[in-house]
Amino acid sequence: MARWWRRRSLRARVTLASTAGLALALVVAAVLLSSLVRVSLIRSLDNSARQGAREVATLSNQQPLPDPVPVVPGTITVQVLGPGGGIVNVSPDADRLVPLLPPAVAAANARDGRVVFLNGRPYGLPDTVRVATAATRGGGTVIAAVAYGQVGESLATLTRALLIGTPLLLILLAGASWLIAGSTLRPITELRRGAQDVTRTGRPQALPVPEARDEVRNLALTLNDMLSRLGAAQERQRGLISDTAHELRSPIASIRAQLEVALDHPDSQDWQQTAGDVLADTLRLARLAEDLLVLARLDERDTRRRPPRQVDLTGLVQEEVGRYADARVPVRLAGAGPAAVTGDPDGLHRMLSNLIDNAARYARSRVAVSVGTSGQNARLSVTDDGPGIPAADRERAFGRFTRLEAARSREDDDEGGAGLGLAIVRAIAQAHGGSAWLEDAGPGLRAVVLLPAAASPRPSGSAPTSPPRAAAP
């Protein structure tokens, strides 16, 4: 049964459940209605019988009753019993010989105000009657009977109406439930069709949003936001693939051309120079592959490989600056205040080396590195005295495979990068909950990184050992 139920559609399950609930409610309502009507009609008959008995008893207390007792014919039957239990007076249609109730029972019912059912056919009355009694002042008893036939017919009519009308009403309500459930689930059907279109075309597109401000609308908005993010990620992936192919084409073409020339003219070829040129292009390819791997890991936010820990940023900067003793321009530590962050030392090393490499490549005479705290954050800055970048292009410089056309462009420089250095810097900063930006150094350019500071910085002497520079968060 459970398996059968689970295999039904949502619309069918909603309709069946609501129909079952409606059926139970209608049955209970029908039983209650029948019971209430029956009680009300019987109470009305009892009141009529009691009122007739009391009126006759009051009349007998004031004056001798006429014979027969004056009542409306066909509505009530009256017998008056004397103190000895014999019948002393009756209404026109009553039996003069046999009392409807034994005298003792009639007297007890009069004291208790009880009304009873009685089969009236043995007494010449139609079918069942309701019998009430009232005591007279002289010790007698008045018995009044009212026919139950009309009440029984009314109840029978009501029962037939309920037996026919309740199933019909249930069928109508079940049909209405089916239609309402279908109307309610129609937006979900539209969402499913939209999802099928996305699956068929392979391109994220907006799903239809229903007008009603309900849970389905919230679901549609959430799915559209997800699809929008997926579409943006897909566009970024396509752009990355296109840019990567473009970057790979130049060194591969150079390697191919050099090897083809060397093979075509082996006698006149300087094989040592050819090997050096091919090695330079190969190293360029290796750096590009390394940068792409770093970006891929940062995009995935793969923090499971190496859990974050507290890093002495000041000691790390001092160690990194020491590696540039033989750089093209002097790289010095302009300011070093205590600063510690929580993160991955490998990624922070990569971020620092990218900043210093970029500054040293374009600096005219010097590169200055400073580290310290700014409020609740650790602040790192790398300044060069090179040509700088216009304010309008500083944000664009953080894009992937971005090379500016100004004086800082080194596209024809074999030592230049593929335009991923600053992109990696910002990605690492964001992975650590921080930010990175460029600002004017007058003259030159300053790259600034702001990272959330750790609870308490460790001494600078506890700087971590030099990790492999190829790793990333």
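Positions within a chain are numbered from 1, following the residues in the order the chain's sequence is written. Side-chain atom pairs in this predicted model are given and counted only at pLDDT of 80 or more, local residue features only at pLDDT of at least 70, and totals for whole chains, interfaces and linings cover all residues. Computation of side-chain values covers all heavy atoms of the structure but excludes hydrogens and water.

Focus: the pattern of salt bridges
One side-chain nitrogen of Lys or Arg within 4 Å of one carboxyl oxygen of Asp or Glu is enough to make a salt bridge. One pass over the structure, following the stated rule, counts 15 salt bridges. In this structure, Asp440 engages Arg394 in a salt bridge whose closest nitrogen and oxygen atoms are separated by 4.0 Å. Of this pair, Asp440 sits in strand β11 (residues 435–440) while Arg394 sits in the loop between β10 (377–384) and α9 (421–431), and the two are 46 residues apart along the sequence. Using a relative accessible area of 48% as the deciding quantity, one classes Asp440 as partly exposed. The network of salt bridges with common partners includes Glu319, Glu320 and Arg323. Helix numbering and strand numbering both begin at the N terminus, where a helix is a DSSP run of H or I of at least 4 residues and a strand a DSSP run of E of at least 2. A simple rule labels every residue: compare its accessible area, found with a 1.4 Å probe on the protein chains alone, to the largest value its type can have, and call it buried under 20%, exposed over 50%, or partly exposed in between.

Side note on helix α8 (residues 345–362)
Take the number of residues in a helix, subtract one, and multiply by 1.5 Å to get its expected span. With 18 residues, α8 ought to run about 26 Å at 1.5 Å a step, and its terminal C-alpha atoms sit 26 Å apart, in line with that. Here α8 lies mainly inside the structure; 15 of its 18 residues are buried.

Re helix α3 (residues 103–112)
Restricting attention to buried positions, one finds in α3 the residues Ala106, Asn109 and Ala110. One face of α3 carries all of its buried residues, which in axial projection span an arc of 105 degrees. Residues of α3 that are exposed and angled more than 90 degrees away from the buried face: Ala104, Arg111 and Asp112. Pairs of residues are marked as contacts when any of their non-hydrogen atoms sit within 4.5 Å. The elements touched by buried residues of α3 are β1 (77–81), β3 (116–119), β4 (128–135) and β5 (141–147). Looking one or two residues beyond α3, the residue adopting positive phi is Gly113, at roughly 70 degrees. To obtain the arc, one takes the directions from the helix axis to the C-beta atoms.

Section: a nonpolar patch on the surface
Nonpolar side chains (Val, Leu, Ile, Met, Phe, Trp, Tyr) within 5 Å and like charges within 9 Å form the patches, drawn only from residues with over 30% relative accessible area and no salt bridge. Where accessible areas are quoted, they stem from the Shrake-Rupley method and a 1.4 Å probe; at the residue level, only the protein chains shown are allowed to cover. On the surface, Met1, Trp4, Trp5 and Leu16 cluster together to form a nonpolar patch covering roughly 450 Å² of accessible area. For Met1, a relative accessible area of 76% gives the class exposed.

Re the pairing of strand β9 (residues 367–374)
One bridge is not enough; two strands pair if DSSP finds at least two bridges between them. Strand direction decides the pairing type here: strand β7 (residues 331–336) and β9, joined by 5 bridges, are parallel. Note that in β9 the partner of Arg332 across the bridge is Ala368. Here β9 runs beside β10; their pairing, made up of 8 bridges, is antiparallel. Each bridged residue has a counterpart across the sheet, and for Val369 the counterpart in β10 is Val382. Here β9 folds back onto β10 in antiparallel fashion, the turn holding 2 residues, of which Gly375 has a positive phi close to 70 degrees.

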